[in-house]
Amino acid sequence: MPVEWLIVPFAAFFAAVISGLGGFGGALILVIILTPIVGVKAVIPLISVFATCNNLSRVFIYRKHIIWRTAFQFTLASLPGVYFGAKLLEWLPERVLLFILGMILLFAIPLGRHLKRRKFESGIKTIISFGAIYGFVSGAAAGTGMLVIAGLNSAGLRGSILLGTDAVIGFFNGATRAGVYSFLGLLTPTMVGYALLMGLLTIPGNWVASLIVKKIGDNLHSKLIETLIAVGGIWFIFKSLFN
């Protein structure tokens, strides 16, 4: 067994802990570690299976806190936007898309605080709006998982409720992408086997993350989420200007 593959289990566990804390970020870690091992073309299909397993284990852990109606409304609202976002990708430069995504993430932080001060209670129109924006952007750019967290956070979801509801949305997104990759022949049975083995490590990873989230409380976790969203927004803007 190559030495690199000995690193993969630890990376999968660590990625699950990171995404379990903030709802995103784990996939980026695996992209960095797996790309030199399996190649660029294989890493994205692999991560789609890992993300499906990762979100499924998070759904199980937070099953008592999930707002199922919000999760399904968000998911259904995102589907049409994926198509239009993909069409936009045909003619709009990637740098512009990255800049737009970064600005949306940075704008989501003051928006969430403003709505919280007004004691805003999100309804179906709010959730559908955030879902449509996510679908549109996800169809045109990669790394948009944090947009779900930003939208749900702005809508008033916190802590375990936020992470559990996000996991449902992420599960359907990952499963759909994995199905498409498999249909296109980009995801072989061997690759699925490796990804499922990594997926098993998401169970203890998300369990550790849930203990940390419970320990720090909703207020501190909300500040952590805002920090991660801000870092993500700044990173996308930096990439759009200097990459």
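Residues numbered from 1 in each chain as written. Predicted model: local features only at pLDDT ≥ 70, side-chain atom pairs only at ≥ 80, totals over all residues. Heavy atoms only, no water.

Asker: Can you break down the nonpolar core residue by residue, with the values?
Answerer: Grouped together as the largest cluster of nonpolar side chains are 30 residues, with contacts concentrated most on Phe74, Leu105, Leu152 and Ile229. Secondary-structure elements contributing two or more residues to this core are α4 (68–89), α5 (94–117), α6 (124–138), α7 (145–154), α8 (159–183) and α10 (202–242). For this core, the leading source of residues is α7, giving six residues. In contact with Leu152, other than residues within four places in its own chain, are Thr70, Phe74, Leu157, Leu162, Thr165, Asp166 and Ile169. Of all hydrophobic cores here, the second largest spans 20 residues; its members include Val8, Val43, Ala178 and Met198. (Core = buried A, V, L, I, M, F, W, Y, C linked by side-chain atoms within 4.5 Å. Buried < 20%, exposed > 50% of the residue type's maximum accessible area, 1.4 Å probe, protein only. Helix = DSSP H or I, 4+ residues; strand = E, 2+ residues; numbered from the N terminus. Contact = heavy atoms within 4.5 Å.)

Asker: Give me the side chain of Thr75: which residues, what numbers.
Answerer: One can find Thr75 in helix α4. Classification of Thr75 as buried rests on a relative accessible area of 14%. Reaching out from Thr75, the side chain makes a polar contact with the backbone oxygen of Ala71 at a distance of 2.8 Å. Those residues in contact with Thr75 that lie beyond four places of it in its chain are Ile169 and Phe172. (Polar contact = N/O pair within 3.5 Å; in protein donor to acceptor, adjacent residues only side chain to side chain.)

Asker: Explain the environment of Ala230 residue by residue, including any values.
Answerer: Mapped onto the fold, Ala230 is located in helix α10. The residues contacting Ala230, other than those within four sequence positions of it, are Leu106 and Ile109.

Asker: Account for the packing of aromatic side chains, with residues named and values stated.
Answerer: Tallying each qualifying case throughout the model produces four aromatic pairs. Taken together, a centroid distance of 5.5 Å and an interplanar angle of 70° make the contact between Phe171 and Phe172 edge-to-face. Of the aromatic side chains, those joined through ring pairs into one cluster are Trp68, Phe72, Phe171 and Phe172. If you follow Arg63 out to its NZ or CZ, it ends over the ring of Phe60, 4.2 Å from the centre. (Phe/Tyr/Trp six-rings, centres within 6.5 Å; stacked < 30°, edge-to-face > 60°. Lys NZ or Arg CZ within 6 Å of the ring centre and 35° of its normal.)

Geometry only, nothing functional implied.
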